[in-house]
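# Coordinate inspection notes
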Amino acid sequence: MSALTPQSDMPTPTTDKITQAAMETIYLCKFRVSMDGEWLCLRELDDISLTPDPEPTHEDSWEDLTDVVEQLRDDTEDPNYLMANERMNLMNMAKLSIKGLIESALNLGRTLDSDYAPLQQFFVVMEHCLKHGLKAKKTFLGQNKSFWGPLELVEKLVPEAAEITASVKDLPGLKTPVGRGRAWLRLALMQKKLSEYMKALINRKDLLSEFYEPNALMMEEEGAIIAGLLVGLNVIDANFCMKGEDLDSQVGVIDFSMYLKDGNSTKGSEGDGQITAILDQKNYVEELNRHLSATVNNLQAKVDALEKSNTKLTEELAVANNRIITLQEEMERVKEESSYILESNRKVTKDRTADGHALTEARKQLKEETQLRLDVEKELEVQIGMRQEMELAMKMLEKDVCEKQDALVALRQQLDDLRALKHELSFKLQSSDMGVKQKSELNSRLEEKTNQMAATIKQLEQSEKDLVKQAKTLNSAANKLIQKHH
């Protein structure tokens, strides 16, 4: 590939070498190779002329290359073949871009910003992947192709993505859908959720069919492969300043110079590639351990808060029980007073010496006391029912707290398993030649346990929300009961 770089002291490449280079590096259906100074670039055919550049050093070589490209285009007129070729080229470019970005970021050892060249090239490649096979939508200004529409669907599939979608819409400097799509990709990478969002989007091909052709990259297997490769980017840290960056007018040109290597250096770099892959996995496991530790701490804090709420509800239940006992005593006293009044009324009835006015007053007082007794009995029944409900709710809360404690124990056990896997990966770093096969098995176990823990955490969060709602309901009921008696 280095033979394609123009140098004055090198011989003219042969037609076979040019044909091989074209088959390996040229994105035939959408792009062509052009020379820009010392860089080997890939540009869109819509933006540049299809005629050869008249200024390169080896004019005959580039004319031969143009002829080969035209011949290859004539031989591959089948649209399905062209689209499959495009998907394969884009997938290979994504592999090179992601691998180069991870290696350079780990060697750099600091947070990446928007001026970092490998990071810029990664976003350009991702933009081409998302644009592949887009359906053109007709507007009053003409046809428009934008990958912002599919990215907007992510917030419906993953609620966590709603935050970055809202942030992109609130940015004042973005005026085009393309600029908003580029800003979305950068925020998702900063959030270290780009792989998760892309997987969720690719799994819903029924929704993507509205935006993409059936043989587009996002609708085929290559899209799922690229989404899996994006997991490795979780080991890097990036920080972007969106307010001062012009994302609407950037031109997406892929720079091949950082990916071109001599054939002699390929074999020597295989061992380094294996060590780098193990280091990437080790960093990923460490990042996952930190995330799980933070999750366990948050769950422990929530369990403590629920225990405090449970204690408070127990105290309020004891106060309510005391109030019920007081009401029962008042009811007994009212019954005794009513009996005494009834007995007095009988005596008054037998004794005709009492006047009619006293008898009327006694009957009125008896009626009031009887009504008061009925009210007290009704209130006592209500208090008894509320007491039973509160006792049932307390039992359910205690059961849920026990379940959460068991879940925390299981999470700690899984965290210990992950730490053991981390030590195993560290040991495999020292013996990388013998541990290549075991590495894939450990990765499968790690991903399976990660998925299980994610499901468990979601269930715990849902049960926690239910407990909080029940606690609020009990608190409101207790407050109403206390206010009613006061």
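Rules behind the numbers
- Each chain carries its own residue numbering, running from 1 in the written order of its sequence.
- Thresholds applied to this predicted model are a pLDDT of at least 70 for local features of residues and 80 or more for the giving and counting of side-chain atom pairs; totals over whole chains, interfaces and linings are not thresholded and use all residues.
- The side-chain figures draw on all heavy atoms in the structure; neither hydrogens nor water molecules are used.
- UniProt positions are given in the numbering used here, feature names are shortened, and annotations may be inferred rather than shown by experiment.
- Strands here mean DSSP runs of E at least two residues long; helices mean DSSP runs of H or I at least four residues long; both are numbered from the N terminus.
- Throughout, a residue-residue contact means that at least one pair of heavy atoms, one from each residue, lies within 4.5 Å.
- Convention adopted: a line fitted to C-alpha atoms gives each axis, helices being fitted over their contacting stretch, and angles between N-to-C directions are expressed from 0 to 180 degrees.
- By the definition adopted for this analysis, an angle is roughly parallel if under 35 degrees, roughly antiparallel if over 145, roughly perpendicular if from 65 to 115, and oblique otherwise.
- Crossings are sorted by hand: turned counterclockwise from the far helix by less than a right angle, the near helix makes the crossing left-handed, and turned clockwise it makes it right-handed.
- Three classes are used: nonpolar for Ala, Val, Leu, Ile, Met, Phe, Trp, Tyr, Cys and Pro, charged for Asp, Glu, Lys and Arg, and polar for all others, with Gly counted as polar.
- Cavities and pockets were defined on a 1 Å grid built from protein atoms only: a cavity is a group of points that admits a 1.4 Å probe but offers it no way out, a pocket is an open group of points flanked by protein on both sides within 12 Å along at least five of seven lines, and a lining residue is one with an atom within 4 Å of any such point.
- Grid points are joined across faces, edges and corners, and a volume is the space filled by probe spheres set on the points.
- Here the expected length of a helix is defined as 1.5 Å per residue gap, with one fewer gap than residues.
- Only protein chains enter the calculation, and the probe is 1.4 Å; a residue is then buried if its accessible area is under 20% of its type maximum, exposed if over 50%, and partly exposed in between.
- Residues adjacent in sequence count toward polar contacts only when both atoms are side-chain atoms; beyond that, a polar contact is any pair of N or O atoms within 3.5 Å, and within protein one must be able to donate a hydrogen and the other to accept it.
- Pairing of aromatic side chains here covers Phe, Tyr and the six-membered ring of Trp, requires ring centres within 6.5 Å, and sorts the geometry by plane angle: under 30 degrees stacked, over 60 edge-to-face, intermediate tilted.
- Charge-over-ring contacts are defined here by two conditions on Lys NZ or Arg CZ: a distance within 6 Å of the ring centre and an angle within 35 degrees of the ring normal.
- Salt bridge, as used here: a side-chain nitrogen of Lys or Arg that lies within 4 Å of a carboxyl oxygen of Asp or Glu.

The name that an unreviewed UniProt entry assigns to the protein is RUN and FYVE domain containing 3, with the source organism given as Athene cunicularia. Regarding the protein, the UniProt comment filed under Subcellular location (unreviewed entry) reads as follows: "Endomembrane system".

Here we take up the overall build of the protein. From N to C terminus, the protein includes 14 helices and five strands. The contacts in the protein between residues at least 6 apart in sequence include a share of 75% that link residues at least 24 apart.

For the pair helix α9 (residues 194-202) and helix α11 (residues 221-229), interaxial distance at closest approach is 8 Å and the crossing angle is 160 degrees. Considering the angle they form, α9 stands roughly antiparallel to α11. The two elements α9 and α11 meet at a crossing, and its hand is left-handed. When α9 is examined against α11, the residues Ser 195, Met 198, Lys 199 and Ile 202 are found in contact with a partner set consisting of Gly 223, Ala 224, Ala 227 and Gly 228. In terms of residue class, the contact of α9 with α11 is made up of four nonpolar, three polar and one charged.

What follows deals with the layout of surface pockets. Counted as a void, the largest pocket has a volume near 2000 Å³. Those elements giving two or more residues to the lining of the largest pocket turn out to be α3 (79-108), α9, α11, α12 (264-350) and α14 (436-485). Its residues placed into classes, the lining of the largest pocket shows 19 nonpolar, 13 polar and 13 charged.

Here helix α4 (residues 117-131) is 15 residues long and its end C-alpha atoms lie 21 Å apart, about the 21 Å a rise of 1.5 Å per residue gives. Counting buried residues in α4 gives twelve out of 15 residues, a clear majority hidden from the surface. Along α4, the residues classified as buried are Pro 118, Leu 119, Gln 121, Phe 122, Phe 123, Val 124, Val 125, Met 126, Glu 127, His 128, Cys 129 and Leu 130. Looking one or two places after α4, you find Gly 133, whose phi comes out positive at around 75 degrees.

Let's shift gears to unusual backbone geometry. Glycine aside, negative phi is the norm for most residues, and most peptide bonds take the trans geometry. One non-glycine residue with positive phi stands out, namely Lys 192, at about 60 degrees. When you line up the elements, Lys 192 lands in the loop between α8 (177-190) and α9.

Now for the environment of Asp 237. Looking at the secondary structure, you find Asp 237 in the loop between α11 and β5 (254-255). On the basis of relative accessibility, which here comes to 41%, the residue Asp 237 falls in the partly exposed class. Separated by 47 residues in the primary sequence, Asp 237 and Met 190 place their C-alpha atoms 6.9 Å from one another. In contact with Asp 237, not counting residues within four places along its chain, are Arg 110, Thr 111, Leu 112 and Lys 192. For Asp 237, the side chain forms a polar contact with the side chain of Lys 192, separated by 2.7 Å.

On to the packing of aromatic side chains, then. Taken as a whole and judged by the stated rule, the model has three aromatic pairs. When the centroid spacing of 5.8 Å and the interplanar angle of 50 degrees are considered together, the rings of Trp 184 and Tyr 197 count as tilted. Here Tyr 197 lies in helix α9 and Trp 184 lies in helix α8, a separation of 13 residues in the sequence. Using a relative accessible area of 0% as the deciding quantity, one classes Trp 184 as buried. Ring pairing ties together the aromatic residues Phe 122, Phe 123 and Phe 240, which thus form one cluster. It is Arg 186 that lies over the ring of Phe 123; its NZ or CZ is 4.3 Å from the centre.

Using the criterion set out here, one finds 13 salt bridges in the structure. As a salt-bridge pair, Glu 222 and Arg 87 come within 3.3 Å of each other at their nearest N and O atoms. One end of the pair, Glu 222, is in helix α11; the other, Arg 87, is in helix α3, and 135 residues separate them in sequence. For the pair Glu 222 and Arg 87, one class covers both residues: buried. For Asp 237, the salt bridge identified is with Lys 192, shortest N-O distance 2.7 Å. Of this pair, Asp 237 sits in the loop between α11 and β5 while Lys 192 sits in the loop between α8 and α9, and the two are 45 residues apart along the sequence. Within the structure, one salt-bridge network assembled from shared partners comprises Glu 127, Lys 131 and Arg 182.

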